[in-house]
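So the chains spell out like this:
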Amino acid sequence: MDGPPGGSTPVTPVIKAGWLDKNPPQGSYIYQKRWVRLDTDHLRYFDSNKDAYSKRFISVACISHVAAIGDQKFEVITNNRTFAFRAESDVERKEWMQALQQAMAEQRARARLSSAYLLGVPGSEQPDRAGSLELRGFKNKLYVAVVGDKVQLYKNLEEYHLGIGITFIDMSVGNVKEVDRRSFDLTTPYRIFSFSADSELEKEQWLEAMQGAIAEALSTSEVAERIWAAAPNRFCADCGAPQPDWASINLCVVICKRCAGEHRGLGAGVSKVRSLKMDRKVWTETLIELFLQLGNGAGNRFWAANVPPSEALQPSSSPSTRRCHLEAKYREGKYRRYHPLFGNQEELDKALCAAVTTTDLAETQALLGCGAGINCFSGDPEAPTPLALAEQAGQTLQMEFLRNNRTTEVPRLDSMKPLEKHYSVVLPTVSHSGFLYKTASAGKLLQDRRAREEFSRRWCVLGDGVLSYFENERAVTPNGEIRASEIVCLAVPPPDTHGFEHTFEVYTEGERLYLFGLESTEQAHEWVKCIAKAFVPPLAEDLLARDFERLGRLPYKAGLSLQRAQEGWFSLSGSELRAVFPEGPCEEPLQLRKLQELSIQGDSENQVLVLVERRRTLYIQGERRLDFMGWLGAIQKAAASMGDTLSEQQLGDSDIPVIVYRCVDYITQCGLTSEGIYRKCGQTSKTQRLLESLRQDARSVHLKEGEQHVDDVSSALKRFLRDLPDGLFTRAQRLAWLEASEIEDEEEKVSRYRELLVRLPPVNRATVKALISHLYCVQCFSDTNQMNVHNLAIVFGPTLFQTDGQDYKAGRVVEDLINHYVVVFSVDEEELRKQREEITAIVKMRVAGTASGTQHAGDFICTVYLEEKKAETEQHIKIPASMTAEELTLEILDRRNVGIREKDYWTCFEVNEREEAERPLHFAEKVLPILHGLGTDSHLVVKKHQAMEAMLLYLASRVGDTKHGMMKFREDRSLLGLGLPSGGFHDRYFILNSSCLRLYKEVRSQRPWSGAPETSHRPEKEWPVKSLKVYLGVKKKLRPPTCWGFTVVHETEKHEKQQWYLCCDTQMELREWFATFLFVQHDGLVWPSEPSRVSRAVPEVRLGSVSLIPLRGSENEMRRSVAAFTADPLSLLRNV
């Protein structure tokens, strides 16, 4: 048997294996039978051929020679030990000796090719960590070495140097787990190795090294092999160690594991370290090609051009030596080859702009390394940055190199420390000390409860921006420390989450999590407050005014700053997420349970959390995986339903629980004509599953016809309302409602109901109105569904008042509320009309669909107005997916028998009443996507475009396809994306061309060759013109300086929205800008040359005089597509 039991084939192939007799170390004549296995690196012997781990192993590199000694015996001789074996026959002995001699020869040949031969022990590999550990089952400490993807065990340090060990553990099947403050287990399928270190700090270092070995064991060499194809990349760019499997993707050098650790210490602003074997998603084809073109050859010709031999690194160099050398090499640029233009910033920038348009990557590397500005202005508005120039020239490798170096710091000889980050400020001095209970730091989130025994009592001191923890209060040297500047998040789990009643978690930039515990509430609160003050800058001190579950800094994108991420400060308290951004005051908190959307975009390596609440949008990026995953879990939990009361549910805009809204909306669409709706019960198992999913996250549940039966949904709604702990009418007021039902005078009774309604909590009040409104609709169709007011009261009385059905007063309250729905809830005539029309249309469509056997799920019914929004001008029209704005316009004019005369520019406009703006649709624009995006305050109207003739004349007479000039500018500055703007209008210079709209803060001299003023710097803002929507008009509350303005909305491919306002000095200027927008957005086709009277025959399905509406689609699509019918709904019902 050549492998571990149940294991896979070993990575190192076995040369020979079999049974041999071995002479024990004491030299006894009694031989012991051993299973012996020889591979290219080791000779090992086991008690049994089923054992996974050897009793001893001998490194083949340490064997000096093999000799026969008679009687089928042979000796394996090392420098100071001799191992005697006996075979079954002379033939077998000869085979073993030949196999050993062949393995020795191959090992020496490999060693001669490797610089490892110079390290002292031929063929040895430097360990990632080595030292003494206690191992359960052994009397004395063992010497343990973590080498690559293996953990090797030796009796002592001497045998380690001799290459004679006990066994080694392949970490591809290993896992490490903390046991207590000094102990940890290395678990494999075959055995558990229980180790103990001398200190907690040492244990953490061993855990980190073994976890690294596991990661290496599970990695792949495909990328490494491809990058090693370039000869210089086969050796570490810094110390020369062979087969380096790490890289700095911005410096474009391949490095060994030891140097990679020191590169990380330089910070991401100097070196962005990635593994060739583990970070598979990073290594795109472009990046691999970049390393083959640049790599260690070009890298060292620049960075190491002037390294003195005395300062060069060796594979055996100590960590401190490596650190000093790499600081000098990359942070200071001490050994770099200086570019001839070094020191002349303007010339460096010009040279960079020229280099990126060529294939000379080494020149680009040298220019950036000598201080050229990666975002310098190129002087070309079409391609204002080096990256844009490289893209314009089609230089993909240059683009990749520039992207990787966007945030790289320029080497500085006078700087021995990283440049301060943009958010760095002088933090207040905070001092505090006392005993805390601490667990070992972790590299992942704490999923399991940490027992009290896993905590160690430590004396902790917070002072001078450092949290230090000591063995006891008398110790001088700390066991470890956490710098406040490195803290990115402070989290406070609920009480009793772990072994101590109160705990808090500290997350650092190095992706480590520290857990502390205390029993005292006051002491825990004081520690959290002091640590928070130590790492939160004065900018965000408002976040400390209240208790929080989580506090820290995260990269975000919002508002008009979607081009780049910034770092903001956040605190999570209950279901509120508060934010403070660098460029503004504390933002109104996000109500997480009222979110319209909570989603995660991107892949596992680059995740983005998207939060949308009442037209505000926030994008939180996962730059650091550990604390981001903590924030993600906490925000998802806070956004979910927290309990059984109504106010603890996920809520919609109207404070109605989403679970109630989902059920009511589905039954309104699909169940109004279902016989016995609410009286009939659904299947218990399906109802229970549906209710559980709705309670867990109602926002993500979308009920669809055919997937859920109406009786299951109605039963889930009733069960939810019945199970509310406080009830819909609350325990405190329940009796008052029941007593009110006994009042004989109807007016007095209704007045009492109105009084009691006002006393209900806001969420309960909104829910009662929504539910009674729904039941009012249901009873309107009692001829079909057999559920009149009395029947509904019988069902919902006991449900809402949580009685056993014996109290008739509960049913009477529900019956009264339905009968007096309009008066009790102050429903105006317009609201009631729309409600009746909607449900009537739904029923008629379902009847028509049933009669014809067809459904028109792909078309939408839309209300379009002619010239102005009035009841008498509305027209209901079915919108197929292919209909254009021109076709819709002609259809409306045909229905109204409106003739088109010459120079009548009839156009369909999208009108936004809230923004007081309108947008003429382009004649070829599809209407259906616009309908999907219309809000409740928007509508479509067909009218004449009064400015079109003047715009066409301007376009015909102008020269060129660009426009530039000054306009008044105001941006929507709500920090989370949208909301009430602040600030005023300011003069800005704009350039509009076929690709983008650019904003400049100021202008200077005139360019003689173009007639356009020359901008003094690169654009302050820039937007792709194809993604802009331009609306005529600016809302009055913004106090625009002129009456000739327009509103611009930018929506990216990821649906990130920006909005701003522009004002012109004259009406003609406004028309010219708007005409240019249309021209560049639609490739010059502003108006059809020969518009057809009827471009397409649009078949219409009608029932009598009523247009049909769709049956399917989301709830928003259904509401938007419901037509407003003028006929009496009850009379229509009689005709059904």
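All of these numbers come straight from a predicted model, not from anything done at the bench. (Residues numbered from 1 in each chain as written. Predicted model: local features only at pLDDT ≥ 70, side-chain atom pairs only at ≥ 80, totals over all residues. Heavy atoms only, no water.)

Trainee: Quick one: what's the story with the overall build of the chain, residue by residue and with numbers?
Mentor: Assigned secondary structure in the chain consists of 31 helices and 48 strands. The buried share of the chain, reckoned over its 1136 residues, is 52%. For the chain, the proportion of contacts with a sequence separation of at least 24, taken over those separated by at least 6, is 60%. Carbon together with sulfur atoms contributes 49% to the accessible area of the chain, which is approximately 52300 Å² in total. (Helix = DSSP H or I, 4+ residues; strand = E, 2+ residues; numbered from the N terminus. Buried < 20%, exposed > 50% of the residue type's maximum accessible area, 1.4 Å probe, protein only. Contact = heavy atoms within 4.5 Å. Areas by Shrake-Rupley, 256 points an atom, 1.4 Å probe, with all protein chains shown as cover.)

Trainee: Quick rundown of unusual backbone geometry? Include the residues and the values.
Mentor: Positive phi outside glycine occurs at D71, with the angle close to 55°. Relative to the elements of secondary structure, D71 occurs in the loop between β5 (63–70) and β6 (73–78). Look at E511: it is not a glycine, yet its phi comes out positive at around 60°. Along the chain, E511 falls in the loop between β24 (502–508) and β25 (513–518).

Trainee: Account for the sheet that holds strand β3 (residues 42–46), naming residues and giving values.
Mentor: As summarised here, the arrangement of the eight strands in space is β5-β6-β7-β1-β2-β3-β4-β11, forming an open sheet in which the pairing is antiparallel. In this open sheet, the two strands that pair with only one neighbour each are β5 and β11 (164–165). Pairing between strand β2 (residues 32–39) and β3: four bridges, direction antiparallel. Considered in β3, the bridge of L38 is made with L43. (Pairing = 2+ DSSP bridges.)

Trainee: Describe the sheet that holds strand β13 (residues 175–178), with residues and values.
Mentor: Ordered by their spatial adjacency, seven strands build an open sheet running β12-β10-β9-β8-β15-β14-β13, and the pairing between neighbours is antiparallel. Each end of this open sheet is capped by a strand with a single partner; those strands are β12 (167–170) and β13. When strand polarity is set aside, the average angle formed by the axes of neighbouring strands in this sheet is 35°. Both strand β14 (residues 183–187) and strand β15 (residues 192–196) contribute to a ladder of five bridges, which runs antiparallel. Bridge pairing in β15 links D185 to S194. Helix α3 (residues 200–217) rests against β8 (129–135), β9 (142–147), β10 (150–154), β13, β14 and β15 of the sheet, and its axis sits at about 115° to β8. (Axes fitted to C-alpha atoms, helices over the stretch in contact; angles between N-to-C directions.)

Trainee: Residue-level account of the pattern of salt bridges, with values.
Mentor: Enumeration according to the criterion identifies 56 salt bridges in this entry. A salt bridge links R578 to E576; its shortest N-O distance comes to 3.3 Å. When the shortest N-O distance is used, the salt bridge between R695 and D723 registers 3.5 Å. In this pair, R695 is assigned in helix α16 (residues 684–697) and D723 in the loop between α17 (710–722) and α18 (731–740), connecting sequence segments 28 residues apart. Residue classification places R695 among the partly exposed positions, given a relative accessible area of 29%. Salt bridges here are not isolated pairs; linked through shared partners, they connect E200, E204, K438, R458 and E471. (Salt bridge = Lys/Arg side-chain N within 4 Å of Asp/Glu carboxyl O.)

Trainee: Which residues make up the nonpolar core, and what values do they have?
Mentor: Note on soluble globular proteins: their nonpolar side chains tend to be buried together. Membership of the largest hydrophobic core comes to 65 residues, with the highest contact counts inside it found for Y678, F729, W737, L775, F796 and L800. Ignoring sequence-local partners within four residues, the contact set of W737 consists of F729, Y753, L756, L757, L760, F801, V813 and L817. Judged by nonpolar contacts, the second largest core, of 37 residues, contains L368, C376, L387 and L389. (Core = buried A, V, L, I, M, F, W, Y, C linked by side-chain atoms within 4.5 Å.)

Trainee: Tell me about helix α23 (residues 808–819), residues and numbers included.
Mentor: Because an α-helix packs 3.6 residues into every turn, residues spaced three or four apart end up facing the same way. With twelve residues, α23 should cover 16 Å at 1.5 Å per step; its first-to-last C-alpha distance of 17 Å lies within 8% of that length. Taken together, the buried positions of α23 are K809, A810, G811, V813, V814, D816, L817 and I818. Each element contacted by the buried residues of α23 is listed here: α18, α19 (746–759), α20 (762–779), α22 (789–801) and α24 (821–824). (Expected span 1.5 Å × (residues − 1).)

Trainee: For the pairing of β14, give the residues involved together with the corresponding values.
Mentor: With four bridges connecting them, β13 and β14 associate as antiparallel partners. Residue pairing across strands places V176 opposite L186, the latter belonging to β14. The loop that links β13 with its antiparallel partner β14 comprises four residues. The hairpin turn running from β14 into β15, its antiparallel successor, is four residues long.

Trainee: Tell me about the packing of α18 against α19, and please be specific about residues and values.
Mentor: To describe two helices that pack against each other, one gives the angle between their axes and the distance between the axes. At a minimum axis separation of 10 Å, α18 and α19 run at an interaxial angle of 165°. By the angle class used here, α18 and α19 are roughly antiparallel. Crossing geometry of α18 relative to α19 is assigned as left-handed. Of the residues in α19, those touching α18 at Q733, A736, W737 and A740 are K749, R752, Y753, L756, L757 and R759. When its residues are assigned to classes, the contact of α18 with α19 shows six nonpolar, one polar and three charged. (Parallel < 35°, antiparallel > 145°, perpendicular 65-115°, else oblique. Left-handed = near helix turned anticlockwise from the far one by under 90°. Nonpolar A, V, L, I, M, F, W, Y, C, P; charged D, E, K, R; others polar.)

Trainee: Please provide a residue-by-residue account of the environment of C324, values included.
Mentor: Locating C324 in the fold gives a position in helix α8 (residues 319–331). On the accessibility criterion, C324 (57% relative accessible area) is exposed. Between the alpha carbons of C324 and E262 there is a distance of 9.3 Å; along the sequence they are 62 residues apart.

Trainee: Would you mind going over the packing of aromatic side chains in detail, with residue names and values included?
Mentor: The tally for this structure, following the rule as stated, stands at 32 aromatic pairs. Lying across the ring of F435, R457 places its NZ or CZ 3.5 Å from the centre. When the ring centre of F909 is taken as origin, the NZ or CZ atom of K943, which lies over that ring, is 4.8 Å away. (Phe/Tyr/Trp six-rings, centres within 6.5 Å; stacked < 30°, edge-to-face > 60°. Lys NZ or Arg CZ within 6 Å of the ring centre and 35° of its normal.)

Trainee: Explain the side chain of T167 residue by residue, including any values.
Mentor: Looking at the element boundaries, T167 is found in strand β12. Judged by relative accessible area, which is 3%, T167 ranks as buried. Only 3.1 Å separates the side chain of T167 from the backbone nitrogen of S54, close enough to count as a polar contact. (Polar contact = N/O pair within 3.5 Å; in protein donor to acceptor, adjacent residues only side chain to side chain.)

Trainee: Can you tell me about α17, naming the residues and giving the values?
Mentor: Taking 1.5 Å as the rise per residue, α17 with 13 residues should run 18 Å; its terminal C-alpha atoms sit 18 Å apart, in good agreement. For α17, a buried count of eleven out of 13 residues is recorded, marking the element as mostly surrounded by other parts of the structure. Buried within α17 are the following residues: V710, D711, D712, V713, S714, S715, A716, L717, K718, F720 and L721. In the core, the buried residues of α17 are packed alongside α15 (658–670), α16, α20 and α22.

Trainee: So what's going on with the packing of helix α6 (residues 285–293) against helix α12 (residues 396–404)? Residues and values would help.
Mentor: Two numbers describe how α6 lies on α12: the axes approach to 9 Å, and their chain directions differ by 95°. By the angle between their directions, the pair α6 and α12 is classed as roughly perpendicular. Mapping the contact onto sequence places T286, L287, E289, L290 and Q293 in α6 and T396, L397, E400, F401 and N404 in α12. Of the residues contributing to the contact of α6 with α12, the split by class is four nonpolar, four polar and two charged.

Trainee: Give a detailed account of the environment of K637, specifying residues and quantitative values.
Mentor: The topology assignment puts K637 in helix α14 (residues 625–639). A sequence separation of 44 residues divides K637 from R593, and the C-alpha atoms of the two residues are 9.6 Å apart.

Trainee: Pulling in residues and values, what's your account of a negative patch on the surface?
Mentor: A surface patch of like charges, here negative, comprises E744, D745, E747 and E748. Tracing the backbone through its elements, the reader meets E748 in helix α19. Of the residues examined, E748 reaches a relative accessible area of 47% and is grouped as partly exposed. (Patch = residues over 30% accessible without salt bridge, like charges linked within 9 Å, V, L, I, M, F, W, Y side chains within 5 Å. Lys, Arg positive; Asp, Glu negative; His and termini not counted. Charge placed at Lys NZ, Arg CZ, Asp CG, Glu CD.)

Trainee: Kindly report on the confidence of the model for the chain, identifying the contributing residues and their values.
Mentor: For the chain, the mean per-residue pLDDT works out to 80, and 84% of the residues sit at or above 70. Long-range and interchain partners of residues 115–123, a stretch whose pLDDT sits below 50, account for 16 contacts in this model, where long-range means more than four residues apart. Counted against residues more than four places away or in other chains, residues 974–981, with its pLDDT under 50, gives 36 contacts. (pLDDT = per-residue confidence, 0-100.)

Trainee: Summarise the environment of V488; cite the residues concerned and give the values.
Mentor: For V488, the position within the fold is in strand β23 (residues 487–491). Between the C-alpha atom of V488 and that of F535, which follows or precedes it by 47 residues, the distance is 8.2 Å. With sequence-adjacent residues up to four places away left out, V488 is seen in contact with Y507, T508, E509, F535, L551, G552, R553, R624 and D627.

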